[in-house]
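# A look at the structure
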Amino acid sequence: MATSKESGKSAGSSSGSAQKSSGGNGAPAKRGFAAMDQNQQREIASKGGQAAHQKGTAHEFDSEEARRAGQKGGEAVSRNRAHMADIGRKWGESRQSASRAAASAAAAAPAKGGNRQGGKES
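Now for a quick tour of the structure. (Residues numbered from 1 in each chain as written. Predicted model: local features only at pLDDT ≥ 70, side-chain atom pairs only at ≥ 80, totals over all residues. Heavy atoms only, no water.)

Let's shift gears to the overall build of the protein. The helix and strand inventory of the protein stands at four helices and zero strands. From first element to last, N terminus to C terminus, the protein shows the α and β order α-α-α-α. Roughly 11100 Å² of accessible area belongs to the protein as shown, and the carbon and sulfur atoms make up 52% of that amount. (Helix = DSSP H or I, 4+ residues; strand = E, 2+ residues; numbered from the N terminus. Areas by Shrake-Rupley, 256 points an atom, 1.4 Å probe, with all protein chains shown as cover.)

In structure tokens:
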């Protein structure tokens, strides 16, 4: 039978080597796919998608299915009232600033005569 001192020693040594941290922040170091740069990840994922299409198991959205997915996402977003209010506020602010810019540009432009032909003035 193992003593408590021996079991504590083996448990401590196995857990220390099993999970290494990076930078002392407590998070485990990235390994495998997560450690690759974004271009490598994209290349590997692309190969997987191409293989699925060749095999015939890839899922392709038809227009009706895509419409339903978009509608579902829109409904989920619109349930967040604070988010929708923020969107409306930003839209109103941008519309107001565009309106002010147009008004100041019109005021700054010199008034031209009614002659649309150009060239000759009466």
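Turning our eyes to something else, we now look at the pattern of salt bridges. Per the counting criterion, the structure on display carries four salt bridges. Residue Glu 64 pairs with Arg 67 through a salt bridge whose shortest N-O separation is 2.9 Å. With Glu 64 and Arg 67 both in helix α3 (residues 63-78) and three residues apart, the pair spans about one turn of that helix. Given the relative accessible area of 38%, Glu 64 is considered partly exposed. You can call Arg 67 partly exposed: its relative accessible area is 45%. In this structure, Arg 89 and Asp 86 form a salt bridge, with 3.4 Å as the shortest nitrogen-oxygen distance. (Salt bridge = Lys/Arg side-chain N within 4 Å of Asp/Glu carboxyl O. Buried < 20%, exposed > 50% of the residue type's maximum accessible area, 1.4 Å probe, protein only.)

Now for helix α2 (residues 38-55). Here α2 spans 26 Å end to end across 18 residues, near enough to the 26 Å set by a 1.5 Å rise per residue. Looking one or two residues beyond α2, the residue adopting positive phi is Gly 56, at roughly 90 degrees. (Expected span 1.5 Å × (residues − 1).)

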